[in-house]
Amino acid sequence: MSAANKEPLHMQINAATRTRPSAAESPLESTTVDYAKYVSQGKGLDSVARVSPDGRISLLFDFKDSKLPEIPKPQSRNTEEFAIDPREWQECPSINIVIMIVGSRGDVQPYVALGKQLLKDGHRVRIATHETFRTFVGDAGLEFYSIGGNPQDLMSYMVKNPGLMPGFESLTNGDIAKKRKMLAEMIDGCWDACHTPCPVTGRSFIADAIISNPPTFAHVHCAEALGIPLLLSFTMPWTATTAFAHPLVNITNSNAGFGVTNYLSYAAADLLTWQGVGDIINTFRTSKLGLSPLGIRVGPGYVDRLKIPWTYCMSPALVPKPDDWKSNIDVSGFYFLDLATNYQPSPELLAFLSAGETPVYIGFGSVVVDDPAEMTEIIFEATKQAGVRALVSSGWGGLGGISVPPHIFILGNVPHDWLFDEERVSAVVHHGGAGTTAIGLAKGRPTVVVPFFGDQGFWGNMIHKAGAGPKPIPHKELSVHKLRDAITFAVSPAAKEAAKAMAQKIYEDDGVRKGVESFYRHLPLLNMRCDLDPSRVAIWWSDDLCLKLSALAAQTLADAKLISLQTLKLHRPKEYKVRKKVADPMTGAGGANAMFWTLTNPMKFGSFLQGQETPPPPGILDAMATVHDGLRRHSADQRLVQSPEYFQDSIQSVFETNKEVKKSSIFESKGFLRSLKNLLPGSRPSTPKSPKSPTPKSPTPNSGSSFKSFMMPVQGSWRFGLSASGKTQYQRQRLTRIAEGRKAVKASTDDQRATIIRKFKEELRNTPARQKAYREAEERATHSGSVDYGHSKALSLDQGKSLTRQKAGWVGAA
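Residues numbered from 1 in each chain as written. Predicted model: local features only at pLDDT ≥ 70, side-chain atom pairs only at ≥ 80, totals over all residues. Heavy atoms only, no water.

### Comments concerning the overall build of the protein
Part 1: When helices and strands are tallied, the protein shows 31 helices and 19 strands.
Part 2: Taken across its 814 residues, the protein has 58% of its residues classed as buried.
Part 3: Counted over contacts in the protein with a minimum sequence separation of 6, partners at least 24 positions apart contribute 68%.
Part 4: Within the structure as shown, the protein displays about 33,500 Å² of accessible surface, and the carbon and sulfur contribution to it stands at 52%. (Helix = DSSP H or I, 4+ residues; strand = E, 2+ residues; numbered from the N terminus. Buried < 20%, exposed > 50% of the residue type's maximum accessible area, 1.4 Å probe, protein only. Contact = heavy atoms within 4.5 Å. Areas by Shrake-Rupley, 256 points an atom, 1.4 Å probe, with all protein chains shown as cover.)

Below is the structure:
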């Protein structure tokens, strides 16, 4: 048991279930939920995850059975991805890309570099981030959209609460309510960034694809609502692996193998994060997007279940790609933005640099330091004792402010790619932010990391492992003698040689170019290209003709009176299987969260163990899950009407708790299930035996089929069109796309339009064969259970496009 809490585990579990918000409390303002602690108990695993007083996530795993095997090594790195083009992935049509970023300047800067390269490739790029970075993004030539949120307040909060999980102080001083309101604002802002015209220029915008870092939280939900591809990208590992633990997690005790423990640390971090933000996300899904809410069994690890592609912008020289990361995950290299080209240093800085020995650099970037005066005194004295001169950056931490000794120069805003280059500094001391780490190593500078929160300690450990710096010094442990000794190590010949070797490897990565290529490789390009002009992105779908059409193609055909725009629907190139079943959870194939739930679910783990015939008595995890869901559902009656899945999850959790309960429960009654189904709007007393999608009378997104049964999930695209706001939004998107078509026609040539008309007439002759192929693909997908009801007929057919058209040899189709 951890030293932080020596209570028996069952007492800790009971304590964790005692707190719940009152009926009068808003989900954003409630402080009675113990966000800083998650406890679970099951036949295979007891676990306690908490945010400790020093701001780290402490994790304890107590495995109950020695029969639990180590996770087997993967037989293959391949994973199935929908409609990717393995041969001509470079042929990506020009698309609208929104890049969502939450964080500091160091988090935003790499994606500005990525956005500039995408812009060079002919795409339209919108950076959606905090207002603070409007000028920075605009100066790079990229479009900007403000999602709200104050990154300085965010950094101050993160120092106390790493990884978005609040500590005790924040639970008592009001920080948590402020942070959750800020998070809700940023999530809404990310959604608006996908479809809202530029507030400054009025230029319309609809995203064709999303690139996002994980802390935006809105990413996958926006992609699901719009039916567009998503690429997640981050500067630190966020995907479960046996190679190392989650960067935010400190494993205090585990009696399991190294790999299993590391792997499950990601599930624990997901659960703690979901406990803090899950209700905000569900409110966003249901009220803003018209999507079904996600329960605690689905919400954590949702991205992993859907096999969303990832591009990690970190150097494989520093963090090699783990063997258990599949083909949907790439490690591209660092993204660097050249800021030094037009920089002119001040005469005072140049004079200091030339006045003596090469100085070290010390700065903590966007981190807000609790006691700047004390930190400044430590820096001044440690550098004096180490016998080095130093450039000290004030940053957001406000360093300086006291009498400055001769061996110190206080810096303002100086580009790191200039300052760290050409031997201007001998070593760097910083907080361990990914951006500062990357440029320091790229310029061959030995590095001392003083981590404050998040991934900073992870980078400090990686640097030390590579020999390019000493062990990281947590900021609360920083002292004169520790900093002195660390600087002495950093300026040693051994550290300089290791840093120089690392710089050469990073130079060879060419991270931005590989990041762009990774984006293209994971796009469902076979379902994004226009059938008549594959060089253009398809934005329309014709039910009657089974054709994907670009803005130019659709408007050209409409002008020629060959089709009517009123018969077209907005094309959705990527669908997300919300209720996707998990296969082989104990092998790692189903993700860390699937393994975690199997270990802590008594019935599932009992069936997993060899020779276990009788299910063990029910554990407490299912009860915890039910309680957790209850904490979030303050408007249950209203959400029941809005979403059948919302009530379904509650029923299902009761079903799974205990066989004896299930046998005697009224929930087992077919009549009761029918009565529940009859509460839903638009439902009928009897369940249709063979559901079919009705032919839509108008091009609206609510042309989904009826329920196959009460337990069949309904996808968000169906419900998005049923809501008043969803219909309004859909019509706005249609008008925007029509305007794009008219603009494209004006910019086109006579030959381009004539070619489109000729190809269209050729395709008309193949319409019956195309329709038959799509029907057969839909039937196969339906019988195999891969199509979720609630999609329109065209959207269901889309899910069979890749297989059907590749077999038929049709070029440029999905």
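### A look at the pairing of strand β17 (residues 538–542)
Remark: a regular strand shows side chains that alternate across the two faces of the sheet.
Part 1: Burial runs high along β17: five of the five residues are buried.
Part 2: Judged from the four bridges that link them, β17 and strand β18 (residues 547–550) form a sheet pairing that is antiparallel. If you follow W541 over to β18, its bridge partner there is K548.
Part 3: In this structure, the hairpin formed by β17 and β18 is closed by a connection of four residues, where C546 is found at a positive phi of approximately 55°.
Part 4: When β17 meets strand β19 (residues 568–570), the two strands line up antiparallel, connected through three bridges. The partner of W541 across the bridge, within β19, is K569. (Pairing = 2+ DSSP bridges.)

### Some points on the confidence of the model for the protein
It should be kept in mind that the predicted coordinates are not to be read in detail where pLDDT is low.
Part 1: Residues at a pLDDT of 70 or more form 65% of the protein, whose mean pLDDT is 75.
Part 2: Below pLDDT 50 for its whole length, residues 602–718 participates in 203 contacts with residues either more than four positions away or in separate chains. (pLDDT = per-residue confidence, 0-100.)

### Section: the packing of helix α18 (residues 551–559) against helix α28 (residues 750–764)
Part 1: Two elements in contact, α18 and α28, have axes separated by 10 Å at closest approach and are oriented at 80°. By the angle between their axes, α18 is roughly perpendicular relative to α28. On α28, the residues touching L552, A553, T556 and L557 of α18 are R753, I756, I757 and F760.
Part 2: A breakdown of the residues in the contact of α18 with α28 according to their chemical character gives six nonpolar, one polar and one charged. (Axes fitted to C-alpha atoms, helices over the stretch in contact; angles between N-to-C directions. Parallel < 35°, antiparallel > 145°, perpendicular 65-115°, else oblique. Nonpolar A, V, L, I, M, F, W, Y, C, P; charged D, E, K, R; others polar.)

### Focus: the sheet that holds strand β16 (residues 447–449)
Part 1: The strand order β14-β13-β12-β15-β16 describes an open sheet built from five strands, whose pairing is parallel. The open sheet is flanked by β14 (408–411) and β16, the only strands paired with a single partner. Each neighbouring strand pair of the sheet contributes to a mean axis angle of 20°, computed without reference to strand direction.
Part 2: Summarising the sheet, strand β15 (residues 428–430) and β16 pair through three bridges and their orientation is parallel. When the bridges of β16 are listed, V428 appears paired with T447.

### Re unusual backbone geometry
Part 1: Phi at K307 takes a positive value of approximately 55°, unusual for a residue other than glycine.
Part 2: Mapping K307 onto the fold places it in the loop between α9 (302–306) and β10 (310–312).
Part 3: Classification of K307 by relative accessible area gives partly exposed; the value is 24%.
Part 4: One non-glycine residue with positive phi stands out, namely E422, at about 55°.
Part 5: The residue E422 is located in the loop between α12 (416–419) and β15 in this model.

### Quick word on a negative patch on the surface
Part 1: A cluster of acidic side chains, namely D370, D371, E374 and E377, defines a negative patch on the protein surface.
Part 2: If you trace the backbone, D370 turns up in the loop between β12 (360–362) and α11 (372–386). (Patch = residues over 30% accessible without salt bridge, like charges linked within 9 Å, V, L, I, M, F, W, Y side chains within 5 Å. Salt bridge = Lys/Arg side-chain N within 4 Å of Asp/Glu carboxyl O. Lys, Arg positive; Asp, Glu negative; His and termini not counted. Charge placed at Lys NZ, Arg CZ, Asp CG, Glu CD.)

### Describing the packing of aromatic side chains
Part 1: One pass over the full model with this rule turns up 14 aromatic pairs.
Part 2: A centroid spacing of 6.3 Å and a plane angle of 55° characterise the contact between F334 and W459, whose relative ring orientation is tilted. With F334 in the loop between β11 (329–331) and α10 (347–353) and W459 in helix α14 (residues 456–465), this pair connects stretches of sequence that are 125 residues apart. For the residue pair F334 and W459, the accessibility class agrees, reading buried in each case.
Part 3: Here the aromatic residues F244, F334, F336, F458 and W459 are joined through ring pairs into a cluster of three or more.
Part 4: Of note, R105 hangs over the ring of F136, and the distance from its end group to the ring centre comes to 3.9 Å.
Part 5: Positioned over the ring face of F205 is R126, at 4.2 Å from the centre of the ring. (Phe/Tyr/Trp six-rings, centres within 6.5 Å; stacked < 30°, edge-to-face > 60°. Lys NZ or Arg CZ within 6 Å of the ring centre and 35° of its normal.)

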